[in-house]
Amino acid sequence: MRALQFSTYGGPEVLQWGEAPDPHAGSGQIRIAVRAASVNPIDWKTIGGALAGKPMEGTGYLGYDAAGVVDEVGEGVTGVSVGDEVFGRGRNTQAEYAVLDAWAAKVPSVDWAVAAAAGVAGETSERGLRLLHVKAGDTLFVDGGAGGVGAVAVQMALARGAKVVASASEANHDYLRELGASPVGYGEGVAERVRAAAGGPVDAVFDVAGKTPVEELISLVPEPSQVVTIANYTAGQAGARVTGGGADSRPMEALALTADLLAQNKLVIKVQTFPFDRAAEAYRISQSGHVRGKLVLVP
Ligand SMILES: NC(=O)c1ccc[n+]([C@@H]2O[C@H](COP(=O)([O-])OP(=O)(O)OC[C@H]3O[C@@H](n4cnc5c(N)ncnc54)[C@H](OP(=O)(O)O)[C@@H]3O)[C@@H](O)[C@H]2O)c1
């Protein structure tokens, strides 16, 4: 099969769409023939080498989510069969075939690229909102609401009946309004703008960008632990909670919820697609840090 790969650290120019060994479904896993796989910031962080912290060895592969048709079912897996259309989370998914560890059924009305975009963003959003106990009537601030995770978190919170204020650059304010959130600009003074837009107390903050000083986010909520961040790894020192998706992740449950919201049109993901052999263009856009919705690679 072919897979997106790199053999030296660097920018998007190191990416190659070339031959790679076939993966196979192990116990508790499925393999899919990939119809679409999304780009997440972790992908360009991986090729940059910062995550490894050691010299490059061998070939690296990329991708953490995808959608496709099941063609192998691993030992112990029930409820899914060869030929089923699914999406979910895995490793090395930016390839013709990929193994998923967690998945949900894709209904025919949901586009392949949209389903592929929903794996990491859906799981991360469910995790953040669950840790924050976001419920109907709460007011949530999503810092970075127009990006991959942010736009899904905004809609998932609205579907629960929460009121949502979200930050973005001016160019994305109409997009946030379209989703149903009250937009505010990020940067200096953001907390004041959030208070004004909320028109009352803020119950929870989901920081998906990691750019605002955590003390400013904490000033919005009754307790520091009501700030959960996925992108500011030093925020714990101030009492906020950092989640990286280990033991606090419930991927199958999260993807089932995501699939349900997609099927009901309560979750709409704006996608921009690129063929696999033009992945470098998508990586460059992701690296710019100003993505609206998601970037998705297709065969
Ligand atoms: N810990 C975890 O489990 C986990 C899981 C998934 C992702 N992540 C991390 O979370 C981050 C976001 O991921 P993503 O996929 O949502 O990225 P993305 O699609 O690239 O979105 C980034 C968003 O950040 C916004 N932004 C840029 N500067 C900002 C600022 N100063 N203040 C607030 N928002 C700002 C951008 O808005 P504008 O375009 O309007 O400027 C954009 O919408 C990445 O660092 C990623 O690695 C962590």
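Up top you'll find the structure we're talking about.
A brief report on the enclosed structure follows.

Let's talk about the side chain of R31
For R31, the location among the structural elements is in strand 3 (residues 30–39). R31 sits in the buried class, given a relative accessible area of 9%. A distance of 3.0 Å separates a polar side-chain atom of R31 from the backbone oxygen of P23. The residues touching R31, leaving out its near neighbours within four places in the chain, are D22, P23, H24, A25, V69, V70, D71, E72, Y97, A98 and V99.

A look at the packing of aromatic side chains
A full pass over the atoms with the stated rule returns two aromatic pairs. Note on F6 and Y9: the rings are 6.3 Å apart at their centroids and 40 degrees apart in plane angle, and the pair reads as tilted. Take Y9: its relative accessible area is 26%, and that puts it in the partly exposed class. Ring centres of W17 and F276 lie 4.4 Å apart, and the angle between their planes is 5 degrees; on these two criteria the pair is classed as stacked. You can see W17 sitting in strand 2 (residues 16–19) and its partner F276 sitting in the loop between strand 14 (271–275) and helix 8 (279–288), a full 259 residues away along the chain.

With respect to the environment of A247
Turning to its location among the elements, A247 is positioned in the loop between strand 13 (241–242) and helix 7 (251–263). A relative accessible area of 87% means that A247 is categorised as exposed. Placed 200 residues apart in sequence, A247 and I47 show a C-alpha to C-alpha distance of 26 Å.

Re the site of the ligand
Residues in contact with the ligand amount to 27 residues; listed here are only the nearest, K45, G148, S169, Y186 and H290. Note that an oxygen atom of the ligand is positioned 2.7 Å from one of the side-chain N or O atoms of S169. Note that a nitrogen atom of the ligand is positioned 2.9 Å from one of the backbone N or O atoms of T243. The protein chains hide 88% of the 940 Å² of surface that the ligand would expose on its own. Listed by contribution, the elements that provide at least two residues to the shell around the ligand are helix 1 (41–48), helix 2 (112–131), helix 3 (148–159) and strand 9 (163–168). A total of three residues in the shell around the ligand trace back to one element, the largest contributor, which is helix 2.

Concerning the sheet that holds strand 1 (residues 2–6)
Within the open sheet, the three strands sit side by side as 2-1-4. Their pairing is antiparallel. Strand pairing shows two members of the sheet lacking a second neighbour, strand 2 and strand 4 (60–61), which therefore form its edges. Where strand 1 lies against strand 4, two bridges are found, and the strand directions are antiparallel. Along strand 4, the bridge assignment pairs F6 with G60.

A word on the pattern of salt bridges
Enumeration over the complete set of coordinates arrives at twelve salt bridges. Between D71 and R31 there is a salt bridge, with its nearest N and O atoms 2.8 Å apart. Of this pair, D71 sits in strand 5 (residues 65–73) while R31 sits in strand 3; the two residues are 40 residues apart in sequence, bridging distant segments of the chain. Each member of the salt-bridge network shares a partner with another, and the members are R31, D71 and E72.

Focus: the sheet that holds strand 9
Read from one edge to the other, the open sheet built from six strands follows the order 10-9-8-11-12-13, with strand pairing classed as parallel. Each edge of the sheet is formed by a strand with only one pairing partner; in this case those strands are strand 10 (182–185) and strand 13. Two elements, strand 9 and strand 10, share four bridges in a ladder whose sense is parallel. Note on strand 10: the bridge partner recorded for A166 is P183.

Examining the side chain of T212
One can find T212 in the loop between strand 11 (204–207) and helix 6 (214–218). By relative accessible area, which is 6% here, T212 ends up buried. Polar side-chain contacts of T212 include one of 2.5 Å to the side chain of D143. For T212, the contacting residues outside a window of four places in its chain are D143, V190, L217 and N232.

Things to note about helix 2
Taking 1.5 Å of rise per residue, the 20 residues of helix 2 would be expected to cover 28 Å, and the 29 Å separating its terminal C-alpha atoms lies within 8% of that figure. Residue G119 marks the point of greatest curvature in helix 2, where the axis turns by about 40 degrees. Helix 2 sits mainly inside the fold: 20 of its 20 residues count as buried. N-capping of helix 2 is provided by D111, with a side-chain oxygen placed 3.0 Å from the backbone N of A113. Within two residues after helix 2, H133 carries a phi angle of roughly 55 degrees, on the positive side.

The rules we used
- Residues numbered from 1 in each chain as written.
- Predicted model: local features only at pLDDT ≥ 70, side-chain atom pairs only at ≥ 80, totals over all residues.
- Heavy atoms only, no water.
- Helix = DSSP H or I, 4+ residues; strand = E, 2+ residues; numbered from the N terminus.
- Buried < 20%, exposed > 50% of the residue type's maximum accessible area, 1.4 Å probe, protein only.
- Polar contact = N/O pair within 3.5 Å; in protein donor to acceptor, adjacent residues only side chain to side chain.
- Contact = heavy atoms within 4.5 Å.
- Phe/Tyr/Trp six-rings, centres within 6.5 Å; stacked < 30°, edge-to-face > 60°.
- Near = heavy atom within 4 Å.
- Areas by Shrake-Rupley, 256 points an atom, 1.4 Å probe, with all protein chains shown as cover.
- Pairing = 2+ DSSP bridges.
- Salt bridge = Lys/Arg side-chain N within 4 Å of Asp/Glu carboxyl O.
- Expected span 1.5 Å × (residues − 1).
- Bend = angle between axes of the 7 residues up to and from the residue.

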